[in-house]
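Survey of secondary and tertiary structure
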Amino acid sequence: MSVTDALLAFTFAATLLTLTPGLDTALILRTAAADGSKKAIHVALGIDTGCFIWGAVVAFGLGALLAVSEVAYSLLKWCGAAYLCWLGLQLLLRPRQQFSLSAEGRARSGNGFLRGMLGNVLNPKMGIFYVSFLPQFIPAGHSPFAWTFLLVGIHVLIGTLWSLTLIIATGYAADVLKKPAVVKWMDRTTGVVFLLFAAKLAMSKR
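Structure report, in brief.

Thresholds, definitions, all that
- Residues numbered from 1 in each chain as written.
- Predicted model: local features only at pLDDT ≥ 70, side-chain atom pairs only at ≥ 80, totals over all residues.
- Heavy atoms only, no water.
- Helix = DSSP H or I, 4+ residues; strand = E, 2+ residues; numbered from the N terminus.
- Buried < 20%, exposed > 50% of the residue type's maximum accessible area, 1.4 Å probe, protein only.
- Contact = heavy atoms within 4.5 Å.
- Areas by Shrake-Rupley, 256 points an atom, 1.4 Å probe, with all protein chains shown as cover.
- Axes fitted to C-alpha atoms, helices over the stretch in contact; angles between N-to-C directions.
- Parallel < 35°, antiparallel > 145°, perpendicular 65-115°, else oblique.
- Left-handed = near helix turned anticlockwise from the far one by under 90°.
- Nonpolar A, V, L, I, M, F, W, Y, C, P; charged D, E, K, R; others polar.
- Expected span 1.5 Å × (residues − 1).
- Core = buried A, V, L, I, M, F, W, Y, C linked by side-chain atoms within 4.5 Å.
- Patch = residues over 30% accessible without salt bridge, like charges linked within 9 Å, V, L, I, M, F, W, Y side chains within 5 Å.
- Salt bridge = Lys/Arg side-chain N within 4 Å of Asp/Glu carboxyl O.

**Digging into the overall build of the chain**
- A count of helices and strands for the chain gives 11 helices and 0 strands.
- Listing every helix and strand of the chain by position from the N terminus yields α-α-α-α-α-α-α-α-α-α-α.
- Taking all 206 residues of the chain together, 44% fall into the buried category.
- Look at the contacts in the chain between residues 6 or more apart in sequence, and 85% of them connect residues 24 or more apart.
- Within the structure as shown, the chain displays about 10700 Å² of accessible surface, and the carbon and sulfur contribution to it stands at 72%.

Encoded structure:
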């Protein structure tokens, strides 16, 4: 596979992966609607950072441990499921009654960057995906280390563009999405989605 073919093939595959609705999409949409675009951008940056962390793990060869060790995979899987479950229960049982940009409202919404990063880092599927997926697009004779970060960078760029698209699109509907009843409904709906993702992750197998 030539360098050009590898880049084009990976870009196409990464775009399809990014456009497939998942936990990151749900988190960004909910945050953009309830907490505003600034907080949603923080979440997106956290998700991007999580991708680079996984990229570093794979680049330094530590990802191979996750691929072959049942204990390592199970530990990270259960940590990720527990974190998603905690987020889901918070949204489901304690939905906000109204949208607020007050200090109290910001405190309840938490650290968007940390939320996005942990949601990504604590998802072992992301690690397994990078370990099994990225090597297929590294041309023979090229540095796996450099190419891993190059491919992760492309994936992050695509993800960032998609996140901004979601945030901007949500902004046009802000007046409706920020109504108290809608905010409460979105919190609970997102909470259920997170719990479903937690259950799916807990029951997943490699």
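Resuming the write-up.
**Concerning the packing of helix 1 (residues 3–19) against helix 9 (residues 144–172)**
- Remark: helix 1 packs on helix 9, axes separated minimally by 10 Å, with the N-to-C direction vectors making an angle of 40°. Between helix 1 and helix 9, the angle falls in the class oblique. Seen from above, helix 1 lies across helix 9 with right-handed handedness. Side by side, helix 1 and helix 9 meet where Val3, Ala6, Leu7, Phe10, Thr11, Ala14, Thr15, Leu17, Thr18 and Leu19 of the first sit next to Trp147, Leu150, Leu151, Ile154, His155, Ile158, Gly159 and Trp162 of the second.
- Of the residues belonging to the contact of helix 1 with helix 9, the class tally is 13 nonpolar, 5 polar and no charged.

**Remarks on helix 3 (residues 37–59)**
- With 23 residues, helix 3 ought to run about 33 Å at 1.5 Å a step, and its terminal C-alpha atoms sit 32 Å apart, in line with that.
- Looking one or two residues past helix 3, Gly61 carries a phi angle of roughly 85°, positive in sign.

**Comments concerning helix 11 (residues 180–202)**
- With 23 residues, helix 11 should reach 33 Å at 1.5 Å per residue; the first-to-last C-alpha distance of 33 Å fits that figure.
- Those residues of helix 11 that fall on the buried side of the exposure criterion are Val183, Met186, Asp187, Thr190, Gly191, Phe194, Ala198, Leu201 and Ala202.

**Some details on the packing of helix 3 against helix 7 (residues 112–121)**
- It is at 6 Å that the axes of helix 3 and helix 7 come closest, and there the two elements cross at 35°. Handedness of the helix 3/helix 7 crossing: right-handed. In this structure, helix 3 uses Lys39, His42, Val43, Leu45, Gly46, Ile47, Thr49, Gly50, Cys51, Ile53 and Trp54 to contact helix 7, whose residues at the interface are Gly112, Phe113, Gly116, Met117, Asn120 and Val121.
- Residue classes in the contact of helix 3 with helix 7 are distributed as 9 nonpolar, 7 polar and 1 charged.

**Thoughts on the nonpolar core**
- Grouped together as the largest cluster of nonpolar side chains are 21 residues, with contacts concentrated most on Ile28, Val43, Leu84, Ile167 and Phe194.
- If we skip the residues at most four places from it in the chain, Leu84 touches Leu23, Phe194, Phe197, Ala198 and Leu201.
- One finds Ala14, Trp54, Val58 and Ile138 within the second-largest nonpolar core, a separate group that totals 18 residues.

**Overview of the side chain of Thr31**
- As for its position among the elements, Thr31 is in helix 2 (residues 23–35).
- Its relative accessible area of 0% is what places Thr31 among the buried residues.
- With residues near it in sequence (within four places) discarded, Thr31 still touches Gly36, Lys39, Ala40, Val43 and Arg115.

**Some words on a nonpolar patch on the surface**
- Among the surface-exposed residues, Ile41, Leu45, Phe113, Leu157, Leu161, Leu164, Ile168 and Tyr172 lie close enough to one another that they form a single nonpolar patch of about 820 Å² accessible area.
- Put simply, the parts of the chain that give the nonpolar patch at least two residues each are helix 3 and helix 9.
- Looking at the nonpolar patch element by element, the count peaks at 5 residues for helix 9.
- With respect to the helices, strands and loops of the structure, Leu157 is situated in helix 9.
- What makes Leu157 exposed here is its relative accessible area of 52%.

These figures capture arrangement, not role.
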